[in-house]
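An overview of the molecular structure
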Amino acid sequence: MDFLTTDLCDAHEDKVRVVEPMFSSFGGRAAFYGRIATLKLFEDNSLVRKVLESPGEGRVLVIDGGGSLRRALVGDQLAALGVKNGWAGVVVYGCIRDSRAIGEMNIGVFAVDTHPMKTLKKNVGEADVPVTFGGVTFTPGEWLYADEDGVIVSATALH
């Protein structure tokens, strides 16, 4: 990748919002960036599949799962869809599963933790709405940058 979040913070301190430290990196791509697409849902990943089946065009899917630690919102099949369809990464305010397999895929995946239980399938949730967690509001179309030092968000591209 051609960026470091630390350098972007130094150069654009007035333009970035830094997400509170809460994520671990699980994907095969340790650093990633792209325009934000969002989902807001709770223990139901039906919409995650629908979004990752669509063209990613280098975007980052930000999933506000309410911070639930009771079910996994992304597993290896959904991560593989993200790779196939050109998503740069997925940030999950919640859990993922199949972490070993996801770690071998060319996609960035940040999540709070892992959990072996799959989700319910009720087709409930919202897409392309601003979501807020970690002290930051993620607005569709803005930019997200993630690496070993954290996650930052900006209204404009910084690279």
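In this text, all values refer to a predicted model and were calculated from it rather than measured experimentally.

Now for the pairing of strand 3 (residues 32–40). In terms of residue burial, strand 3 counts as a mostly covered element, since seven of its nine residues are buried. Of the pairings in the sheet, the one linking strand 3 to strand 11 (residues 143–147) comprises four bridges and is antiparallel in character. From the neighbouring strand, Phe 32 faces strand 11, where its bridge partner is Ala 146. By the bridge criterion, five bridges tie strand 3 to strand 4 (residues 60–64) in an arrangement that is parallel. Each bridged residue has a counterpart across the sheet, and for Thr 38 the counterpart in strand 4 is Val 62. The parallel pair strand 3 and strand 4, bridged by helix 2 (residues 46–52), forms a crossover whose chirality is right-handed. By the bridge criterion, two bridges tie strand 3 to strand 8 (residues 126–127) in an arrangement that is antiparallel. Across the sheet, the residue bridging to Leu 39 is Ala 127, located in strand 8.

The next point concerns the packing of aromatic side chains. Under the criterion given, the structure shown has eight aromatic pairs. When the centroid spacing of 5.3 Å and the interplanar angle of 90° are considered together, the rings of Phe 32 and Phe 110 count as edge-to-face. With Phe 32 in strand 3 and Phe 110 in strand 7 (residues 108–114), the pair connects residues that are 78 residues apart, well separated along the chain. Here Phe 32 matches Phe 110 in class, with each residue buried. Through successive ring pairs, a cluster of aromatic residues spans Phe 3, Tyr 33, Trp 143 and Tyr 145.

Calculation notes
Residues numbered from 1 in each chain as written. Predicted model: local features only at pLDDT ≥ 70, side-chain atom pairs only at ≥ 80, totals over all residues. Heavy atoms only, no water. Buried < 20%, exposed > 50% of the residue type's maximum accessible area, 1.4 Å probe, protein only. Helix = DSSP H or I, 4+ residues; strand = E, 2+ residues; numbered from the N terminus. Pairing = 2+ DSSP bridges. Right-handed = clockwise from strand over helix to strand, strands pointing away. Phe/Tyr/Trp six-rings, centres within 6.5 Å; stacked < 30°, edge-to-face > 60°.

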